[in-house]
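Spelled out from the first residue to the last, the chains are:
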Amino acid sequence: MLNKQFDSLLPIKASFLLLFFLSISQISFAQQKITVSGNVVSDSSQPLSNVSIRIKGGTAGGTTDENGSFKISVAKSAVLLFSSIGYEEKQVTATKDGEVLTVMLTPSNARLNDIVVVGYGTRKKETLTGSIASVKGSDLVKSPAGNFSNSLAGRLPGLVAITRTGEPGNDGSTLRIRGANTLGDNSPLVVVDGIAGRSLERLDPATIESVTILKDASAAIYGSQAANGVILVTTKRGASGKPTIQFSLNQGWNTPTVLPKMADAPLYAQLQNEISAAYHPGDPLPYSAEDIQKYKDGSDPWGHPNTDWFKETIKKNSPQRYGNLTLSGGAEAIKYFISLGSNFTDGIFRDGATNYSQTNFQSNIDAKVTNSIRLSFDVVGRQENRNYSGGGANGGSADQAQNVFWALNRSFPTWPARWPNGLPGPDIEYGANPVVLVTDATGYTKSRSYIFQSNVRLVITIPWVKGLSLTGNAAMDRTIVSTKQFRKPWFLYTWDKTSVDANGTPVLVASKKGNTDPRLQQWMDNNSNVTLNALLNYDRVFDKHDIKALFAAERIAGDNMNFWAFRRNYTSDILDELDLGSNELKDNGGSSGVARRLDYFGRLSYAYDAKYLAEFVWRYDGSYIFDPAGKQFGFFPGISLGYRISNERFWKDHISFINEMKIRGSWGKTGNDRIGPYQYLTTYGYNGGYVFNENVPQQALKALRIPNAGVTWEIANQSNIGADVELLNNKLAVSADYFYNLRTNILAYRNASVPGSAGLSLPQENIGEVVNKGFELQASYRGKAGDFKYQVSANGAWAKNHIRFWDETPGVPDYQRSTGNQMNARLYYQAIGVFADQAAIDKYPHWTGARPGDIIFKDVNNDGQIDGQDQVRSRKTTIPTFTGGISIDLQYKNFYANVLFQGAAGAERSYRTFSGGPGVGNFMYNLVKDRWTLENPSAVNPRVWERGGAYWMTDGEPNNTYFVRNSDYLRLKNFEVGYNLSSGIAQKIGIQSLRIYVSALNFLTFTKMKDFDPESPDDAPGSIWVNSEVYPLNKTTNIGLTATF
Amino acid sequence: MNYRNSNLIYIVIGAVSLVLTSCGKSFLDTKPSTQFTEADVWSDPNLVQLNMNSIYNQNPWSFFLTSLAVDEARCYDAGNDYNMSNMLMSPDNAGWGDWNGRYSAIRDCNIFLENIDKLPDDPALIDGVTLKDRLKGEATFFRAWYYQLLISYFGGVPLVTKSYKLSDDFSAARNSYAECVQFISGECDKAAALLPLANTGVNKGRVTKGAALALKSRVLLYAASDLHNTTFPGFSNPELLGYVDGDRKQRWQAAKAAAKAVIDLGIYGLYQPSPASTEEAVQNYEDLFISKNSIEDIFIRYYNASVNQGVDYWQVFPNGYGGIETNGAPSELVDAYEMSDGTKFSRTNPAQNLEPYKNRDPRFYASILYEGAKFRSRPSNLLAADPVGVLQVGTWEKWDATANKIVYTYGLDSRNSVVYGGGYNNTGTCMLKFINRKTDMYVNHQDDLTWRFIRYSEIILNYAEACIGLGEEAEARTYINMIRKKAAMPDIVDAGAALSARYRNERRIELVYENHRFFDVRRWMIGPEAYHPMHGVNVVYKLNPDHTTATIPTVTPVEITSGKWDNKAYFLPIARSEMNKNDKLVQNPGYN
């Protein structure tokens, strides 16, 4: 009857076949039961709640309550195992009925007892076989970074985090696990609380329990999205005990890590004279000696200003604030963790409109419905507010920061940012006076993101089968982004340098800049993502055999929809609603899309005597991206083995000073499906338009692609071997890993060999192959001397990729081939000096039209002429090959300090700068300070150049190694120094504990790179950002306090 | 275990598995929500027409086209045009001619011609032809048009007449120049047979029989020109650049016949062919280029600001009127305009040198703004400085009696203007042709424009040039004088080399800024005349000895950009990347 009912309820599902199988094989026998009770306490006699109690050779026996008490019914002489994170496991034998035990747990030295989050589950670190690194939230919370992704750098071996920009709201780090592995999308999969595809950037650090990265085949359980590694973020949950309220408050100040140094007005005038003399010989020089003197001495602020545009536009310090309140606690039946947080980051601009703020709420509730049913209900709500100015005029970029930094580089130091009477000075073009561009005089851009994430988790312990449980998750994530941009004209003031009023004060003329009329555009994006999964877990120990099995199914449905509307010719800029704009030239648009995934996955782990370890993970993944005719599904397996050699008797007997020694290895196949969907279809889309009959606009429909019916996943073959060692009484722990990743089936265009005369853009095809290999080393040591406790951890990772195969243009010489080199390595002419004089030019092959002071390009192929064949593929890219961090924790009585040094090496960046010639911008001081002139022919730097007038500098696009810099750096990424108010004093003022501290981010940087931060981009694929046009990185100093009630 | 609990478990397990399996495999079968499939497109006449629109849309146009790369215009920012003027072009900076863009459009034409027959037949006639014939004719025309653009830059190119599939061999050798001309001309005939004589209603602006015949006239005229009937010494593949055999006279005859075929259609004419005065001629010439439609239109494209597809005039407006003035005329062009009596302008003539902008060819006043020329009203904040609204590029020397020294005031449109410092050009003039004086940059950057890729005056001039090539000078003069009469210029009576020179100048003036000069300089092989250091003018209102300021400015030519000529520039380089990918290609001479 029962089985029949079962069948009628359930369609045929492999998961339940497994359930039946296990239920048949269940072994149970009667035994004499006794009941024991007691308390678990710490070494300082504090009761320990939530301590897990297991019966040796059996299953879970329960946990202690908020008072550390437990009561358990077991077989006589059963061995009870008490374990809790951070404590040594303790064994106690239950001898007689009614016995009352006091169990004291001692803090653990061994890190291997830590519980580590893995895909769809957790593992004790001692039995891990994959290459997995994790960091606790308590370490990450020490970073005052406004963006959570920026606190990860240097903490996790193998994770490369590069901060590209410090612009509030857009300041996330580019994250790469083990560097870059593919020519396509290299971003890792982010999983927050078990739900894939959530973002980690805006998480409140106070809610983070841990961050784990899966670097090798252990990620295969995430199948087609796992090839770039997986980042698992786990948030905190409630524990049994009385309600605890924790309150944190931080006040920080941001300042750019570095700003480019530009030529000042006297130097600029001198440079313009040099340019004029070189390019327009015979013309009168634009600046007289008297002019230059006036720029220098500041005697004529109206006619001869000397403007430091960066200083005029950027504040010394801009504030940021962060506050958080959490409430946690619970009892047997219900536990809760509730957090409310808020932060604010101001932009660095004077009177700037730029800032970011967010308010976030999280509630994680765990309820025990019955003995066998547990229900969790998690809700996250967050509002993100991004505010910028109007963004400049049409014709400029829509990106406000880009407009500002572009204008900062282009403005002349000989022009006033503001006139002596405070009115803004003129623009170079587009009305782009940066001191005005940053303000709300240009209008505003307001973006509001509303994020709502929920997850209901049901865990059912199947009563009929020991060790079997079923977990179901239903998660719904929704993000709504509403953006409103109101651009209005602003006024700048010019002086004709002659008109003065009766008092002799210069007469300024106002002129309207930017758009001619106020314009409003609004966007609305609506994204939803629904994840449903069911996981069947079997977890049981038979004597020395520890078996864990997981079988699961998951479906993910993503939907997005967006639309926008635009009106212009607002009569007044007082009211800014769509309804009030003109009906003429109004415009709108919209689109939508879907994403669907259907997956089956599982894991089988086996450990014998916690010594021989084996694990198999797999995923059968279905994705909407591929052709329904047989290409939608793929199978991704991963296998790993471990051997805890230190658990062998001979080891314990002879090599006991090494407390732990585990060697492990893994191999797996994962996929990467981050490519445009529907590449198997020929489709036609609207693309541009055309006007007929004077004023009838018609759409144009264009074939968007040539289909590639066979398009499929990228495949990552990942191999890893590693070892974990603990010695000196577990004080020193060392882990090492070596990996070899071969990515095949990379989607790449074959266009490199397709001539333009074919007229076609080929579809991407699965042809690319990239090898990425490297190693990681991590060591930590902790110790104490009296009241002085310390821990030092260091990690370093080296990874370097090379293209094994892709479509290489057939005719290129060997030194230009990208195959065999790192991905995205650029071609550069080789700068080997500066032509001192005409004689030097005559002696060496040179670019047509080269003149003294020009950069010498090396004649690489020795053919006596300089042309495109003399470019050489660079050995470096903008992604560092080595990254590492050193973290030092110190504690003396109530004082503590944490210091994190972080560094990266092996990358290069090119200097992007405007030419500075007449009409367009200023020179960077470092490029002109020791320049070639007639008087200084043996200079390191070339002559000053006119825009478009130098073969070695097209505007902002350096083509040669002169502009390329080594961007290695070491920085004091983070420190926190604090004081814990001793509990006695704290309790007197009614609080449990109080901590006050000072902390900093990016406090010191050691690098050869000048003018730009070594992490700032000189390119960003798919982006227009370059370092001279990007908001700089922040250096943050912070004070804060945390109080617990 | 109690009964209630187990029921709850069943319900939950059941619910979870139902949810997971409810959709099955079809769950993954989604479709793009903003794109049509191939089958959708080729069965729907509306979508097929939209597809044709994208072929129209790829026809390149900007105010500059080639004017900055030849002696028609200079701007403050040289860029890649600097490389052209200084003969620095190479396979590494080969951006001219947009090889890849043209071939991409040609591929779209090929796909269109391969698929158009899938569209069900509809016997209904629109403007005298069926929809399918018209669309075939349009695709045929555009393929020929895009090839004509390519051969004008590169000489013979690979003739690709089918759309490649993924598995095809993409390498292709260049066809000879003669083959290309023959192909294009044949395609023009095919298109002419399919296309309507004129379009009406919503189809206005589509190509016609006349456009196809006019394209044929242009390509055959080019083919008969010196450039393609000359041998480049030392170049191993002369057939790529021009004719290596055959009769040049026949080419002239073919060119003449092709132009005549357009004339004989009888539906085109010159705009206002007999003005009553020079003033009227000035007005007519200006009106022609800002009119929506005219009797001269053979192949046009509409731009319309009211539907958000206007033309951005910001680039060509004077800086004192809110633009950046990128197409200013060098002195060489200004000087090429004859005096209104038909004599040559000369700097050595004291009166002409003193007031160089006086009594010139009426077309000058409708094509170029110069110091003091009335343009339009200034924005309100500049009305005090210039109540009339003229072009001000000059410098005023004024006497400051209190300080006892000269002070300078700079014109609102000069490089030292108080209004705008970033964009200006140093020629001392500004392009006026195509600009509607009513356009206010401070209200709207965009305005309407009808761009005339081919207009009837060109055909008349093509015909005249072919006649000169054939020695039929009287006929040539008749047609040249039609153009001159329209401009209120006196007839010419020259013969021989003088006639040829006169014709060339007439074409230069009549078709200025219309994307002809760049190619004409090449096919006439007069590179050195057009590429050399270029001049602008310094305009100064000088201080008189009595400390008053002159009212007539001193206009002095000054060198503003460098320049030189090299014969390699007769043809442009094929990009190195293209050469590397297609080993059958032969590079043009001078670029190896």
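Residues numbered from 1 in each chain as written. Chains lettered and ligands numbered in written order. Predicted model: local features only at pLDDT ≥ 70, side-chain atom pairs only at ≥ 80, totals over all residues. Heavy atoms only, no water.

A. Main features of the side chain of Lys215 of chain A. Residues and elements named next belong to chain A. Inspection of the secondary structure puts Lys215 in the loop between β15 (208-214) and β16 (230-235). On the basis of relative accessibility, which here comes to 4%, the residue Lys215 falls in the buried class. Of the polar contacts made by the side chain of Lys215, one reaches the backbone oxygen of Pro157; its length is 2.9 Å. When neighbours within four sequence positions are excluded, Lys215 is seen to be in contact with Ser131, Ile132, Ala133, Pro157, Gly158, Ile177, Arg178, Gln718 and Glu776. (Helix = DSSP H or I, 4+ residues; strand = E, 2+ residues; numbered from the N terminus. Buried < 20%, exposed > 50% of the residue type's maximum accessible area, 1.4 Å probe, protein only. Polar contact = N/O pair within 3.5 Å; in protein donor to acceptor, adjacent residues only side chain to side chain. Contact = heavy atoms within 4.5 Å.)

B. Highlighting unusual backbone geometry. All names here are of chain A. A positive phi is found at Tyr120, a non-glycine position, where the angle reads about 55 degrees. Examined against the element boundaries, Tyr120 turns out to sit in the loop between β8 (115-118) and β9 (121-124). Taking the relative accessible area as the measure of exposure, Tyr120 reaches 13% and is therefore buried. Although it is not a glycine, Asp351 sits at a positive phi angle of roughly 50 degrees. Looking at the secondary structure, you find Asp351 in the loop between β19 (334-346) and β20 (355-368). Assessed through its relative accessible area of 62%, Asp351 is described here as exposed.

C. Local environment of the nonpolar core. Phe63, Phe141, Phe142 and Trp145 of chain B are the most contacted members of the largest nonpolar core, which has 174 residues in total. No other element matches the 14 residues that helix α6 (residues 131-154) of chain B contributes to this core. Other than its neighbours up to four places away in sequence, Trp145 of chain B contacts Asn59, Leu215, Arg218, Phe299, Phe453 and Ile454 of chain B. With 51 residues, the next largest nonpolar core counts Met262, Ala263, Ile275 and Tyr829 of chain A among its residues. (Core = buried A, V, L, I, M, F, W, Y, C linked by side-chain atoms within 4.5 Å.)

D. Fine view of the packing of aromatic side chains. Residue and element names in this part refer to chain B. Tallied over the entire structure, the rule returns 89 aromatic pairs over all chains. With centroids separated by 6.0 Å and ring planes inclined at 85 degrees, the aromatic side chains of Tyr103 and Tyr147 adopt a geometry described as edge-to-face. Here the residue Tyr103 occupies a position in helix α5 (residues 99-115), and Tyr147 occupies one in helix α6, the gap between them amounting to 44 residues. Tyr147 carries the same exposure label as Tyr103, and that label is buried. Ring centres of Phe142 and Phe299 lie 5.9 Å apart, and the angle between their planes is 75 degrees; this geometry places the pair in the edge-to-face category. Placement of the pair is Phe142 in helix α6 and Phe299 in strand β4 (residues 297-303), with a sequence separation of 157 residues. Residue Phe142 is classed as buried on the basis of its relative accessible area of 0%. Three or more aromatic residues link up through ring pairs in this structure, and these residues are Trp61, Phe63, Tyr285, Phe289, Tyr303, Tyr313, Phe317, Tyr321, Phe375, Phe434 and Trp451. When the ring centre of Tyr243 is taken as reference, the NZ or CZ atom of Arg251 above it lies at 3.7 Å. (Phe/Tyr/Trp six-rings, centres within 6.5 Å; stacked < 30°, edge-to-face > 60°. Lys NZ or Arg CZ within 6 Å of the ring centre and 35° of its normal.)

E. Representation of the pattern of salt bridges. Residue and element names in this part refer to chain A. In the structure shown here, the tally under the stated rule is 85 salt bridges over all chains. Residue Asp477 pairs with Arg198 through a salt bridge whose shortest N-O separation is 2.6 Å. Of the two residues, Asp477 sits in strand β23 (residues 468-487) while Arg198 sits in the loop between β14 (195-196) and β15, which places them 279 residues apart along the sequence. There is no split in this pair, since Asp477 and Arg198 are both buried. (Salt bridge = Lys/Arg side-chain N within 4 Å of Asp/Glu carboxyl O.)

F. Quick look at the interface of chain B and chain A. Each side of the interface is counted separately: chain B has 93 residues, and chain A has 114 residues. Summing both sides of the interface, chain B and chain A together bury roughly 8,800 Å²; the carbon and sulfur share of this comes to 61%. At the surface where chain B touches chain A, the tally comes to 3 salt bridges. With a closest N to O distance of 3.6 Å, Asp867 of chain A and Arg576 of chain B form a salt bridge. At the boundary of chain B and chain A, one finds 20 residue pairs in polar contact (both at pLDDT 80 or more). (Buried area = accessible area lost by both parts, 1.4 Å probe.)

G. Molecular detail of the sheet that holds strand β13 (residues 189-192) of chain A. Residue and element names in this part refer to chain A. Pairing is mixed across the open sheet formed by 5 strands, whose spatial order is β10-β15-β16-β13-β14. Each end of this open sheet is capped by a strand with a single partner; those strands are β10 (132-136) and β14. With 2 bridges connecting them, β13 and β14 associate as antiparallel partners. Within the sheet, the bridge partner assigned to Val192 lies in β14 and is Ile195. (Pairing = 2+ DSSP bridges.)

H. Just the packing of α6 of chain B against helix α8 (residues 209-224) of chain B, in detail. Residue and element names in this part refer to chain B. Between α6 and α8, whose axes approach to 11 Å, the crossing angle comes to 20 degrees. It follows from the interaxial angle that α6 and α8 lie roughly parallel. The interaxial crossing formed by α6 with α8 has left-handed handedness. Along the contact surface, α6 presents Phe141, Ala144, Trp145, Gln148, Ile151 and Ser152, while α8 presents Ala211, Ala212, Leu215, Arg218, Val219 and Tyr222. (Axes fitted to C-alpha atoms, helices over the stretch in contact; angles between N-to-C directions. Parallel < 35°, antiparallel > 145°, perpendicular 65-115°, else oblique. Left-handed = near helix turned anticlockwise from the far one by under 90°.)

I. View of the sheet that holds strand β8 (residues 405-410) of chain B. Residues and elements named next belong to chain B. Judged by pairing direction, the sheet is mixed, and its 4 strands sit side by side in the order β8-β7-β12-β13 without closing on themselves. Each edge of the sheet is formed by a strand with only one pairing partner; in this case those strands are β8 and β13 (554-561). Neighbour to neighbour, the strand axes of the sheet diverge by 30 degrees on average, direction disregarded. As paired elements, strand β7 (residues 395-400) and strand β12 (residues 534-541) share 2 bridges and run parallel to each other. Bridge assignment links Thr395 to a residue of β12, and that residue is Val540.

J. Seen up close, the confidence of the model for chain A. Mean pLDDT over chain A works out to 86, with 93% of the residues at or above the 70 mark. Under a pLDDT of 50 for its full length, residues 1-30 of chain A has, in the predicted model, 40 contacts with residues more than four places off or in other chains. (pLDDT = per-residue confidence, 0-100.)

K. Local environment of α5 of chain B. Taking 1.5 Å as the rise per residue, α5 of chain B with 17 residues should run 24 Å; its terminal C-alpha atoms sit 24 Å apart, in good agreement. Of all 17 residues in α5 of chain B, 12 are buried; the element is thus mostly enclosed. (Expected span 1.5 Å × (residues − 1).)

L. Here's a closer look at the pairing of strand β37 (residues 788-805) of chain A. Residue and element names in this part refer to chain A. The sheet contact formed by strand β36 (residues 764-785) and β37 spans 17 bridges and is antiparallel. When the bridges of β37 are listed, Lys773 appears paired with Lys800. Linkage of β36 to β37, two consecutive antiparallel strands, is achieved through a turn of 2 residues, within which Gly786 is found at a positive phi near 65 degrees.

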